[in-house]
Amino acid sequence: MIPHPNGRRVPLPLGVGWGMAYEVLEAYCIPKKSNETTQSGDDVLHLTPHFAAVIDGAGSWSGRLDGLTSGRFAALAVAKALESLAPTATLPEAAAQLGQALAQALAGAKLEGELLRPPTCVAAIYSVARREIWLVGDCQALVLGRHHQTNLPTDERATAFRQALLRALLLAGRTTADLQSADPSWHLLRPLFEAAPAYQNHPTDPLGYGAFDGRPIPEQHLQVIPVGQDVQEIVLASDGYPVLCPTLEASEAALWALAERDPLMIGDYAGCRAFPLSGGSFDDRTYLRLRLT
């Protein structure tokens with residue numbers, strides 16, 4: 001494994017080949033509280049000679065495992081398991097092995113407090129040997145200008161409810177700053193967020209979606225994006241970038257333009273959370289741009 005600053009606000013060296021079949025052009029991994037120096041966030045960026053991965057641990061508001069948030073614990077366990085994954089593994093094979101590794105890690109972890117949701121992560125992974133991008137959950141990719149992402153059905157419904165509620169409250173006279181500081185949708189949506197894992201890796205329910213949680217992931221929740229020989233660059237990212245662009249600078253600019261234009265995130269790029277009044281973004285974010293060789 002090549003060591004990388006997981007969850008730190010430290011850009012990786014640019015233009016370095018790392019002795020691999022790809023070149024890291026841009027890489028960035030930062031927690032949502034950008035001035036935070038002691039908390040790493042739940043995103044993990046992990047590179048090996050055979051795989052490049054952006055892994056997004058599911059946010060949690062209760063319980064810790066071995067001193068870590070459950071989302072970060074899950075993301076780190078999956079990242080570690082990538083190191084022993086066969087270079088030629090298919091996505092179904094990889095999903096099974098990575099899921100089993102997470103289940104084993106969970107079985108040996110020390111729990112502090114109560115977990116209201118299972119430790120979970122999603123990922124965007126590039127397989128060097130297969131020239132494929134693998135998407136599990138709502139991480140995203142950019143290939144030849146085409147954006148790839150699978151939105152979680154429960155998040156879509158929560159976002160629509162939140163959007164309707166907050167827009168109505170603004171029409172009734174509430175201020176944007178008021179709703180940023182005390183979002184009334186949170187207490188209404190929390191039961192859905194706590195119950196949503198029932199849909200996780202469900203094979204038949206229309207609200208089902210895929211994620212790493214230690215259980216088998218049905219193949220219909222696994223997305224493979226072939227990367228042709230004509231593709232020179234790819235971008236992998238967590239869902240902390242509402243607008244994913246071909247460069248980090250453009251993606252960051254789009255993020256902060258959105259924060260200025262729609263701090264509540266109830267417009268064209270609606271989401272489940274607002275930009276906080278205290279600064280930082282609404283979510284951890286990780287960006288990885290690779291040149292393929």
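Residues numbered from 1 in each chain as written. Predicted model: local features only at pLDDT ≥ 70, side-chain atom pairs only at ≥ 80, totals over all residues. Heavy atoms only, no water.

**Section: the sheet that holds strand β2 (residues 43–47)**
And then number 1: With respect to topology, five strands assemble into an open sheet ordered β2-β3-β7-β8-β11, the strand pairing being antiparallel. The open sheet terminates on both sides in strands that have one partner only, identified here as β2 and β11 (222–226). Pairs of neighbouring strands in the sheet enclose a mean axial angle of 10°, with direction left out of account.
And then number 2: As defined by bridge partners, strand β8 (residues 132–136) adjoins β11 across five bridges and the pair is classed as antiparallel. Across the sheet, residue W134 finds its bridge partner in β11, namely V224.
And then number 3: Contacts from helix α1 (residues 70–82) reach β2, β3 (51–57) and β7 (121–127), with the element oriented near 165° to β3.
And then number 4: Of the strands in this sheet, β7, β8 and β11 are in contact with helix α2 (residues 91–107), which crosses β11 at around 135°. (Pairing = 2+ DSSP bridges. Helix = DSSP H or I, 4+ residues; strand = E, 2+ residues; numbered from the N terminus. Axes fitted to C-alpha atoms, helices over the stretch in contact; angles between N-to-C directions. Contact = heavy atoms within 4.5 Å.)

**As for the pattern of salt bridges**
And then number 1: Within the structure shown, the criterion is met by 11 salt bridges.
And then number 2: Residues K32 and D284 are paired through a salt bridge, measuring 4.0 Å at the closest nitrogen-oxygen approach. In this pair, K32 is assigned in the loop between β1 (22–30) and β2 and D284 in the loop between α6 (248–261) and β13 (285–292), connecting sequence segments 252 residues apart.
And then number 3: Between D283 and R273 there is a salt bridge, with the nearest N and O atoms lying 3.4 Å from each other. Taken as a pair, D283 in the loop between α6 and β13 and R273 in the loop between α6 and β13 lie far apart in primary sequence, 10 residues in all.
And then number 4: Through salt bridges with shared partners, a single ionic network connects E26, E233 and R289. (Salt bridge = Lys/Arg side-chain N within 4 Å of Asp/Glu carboxyl O.)

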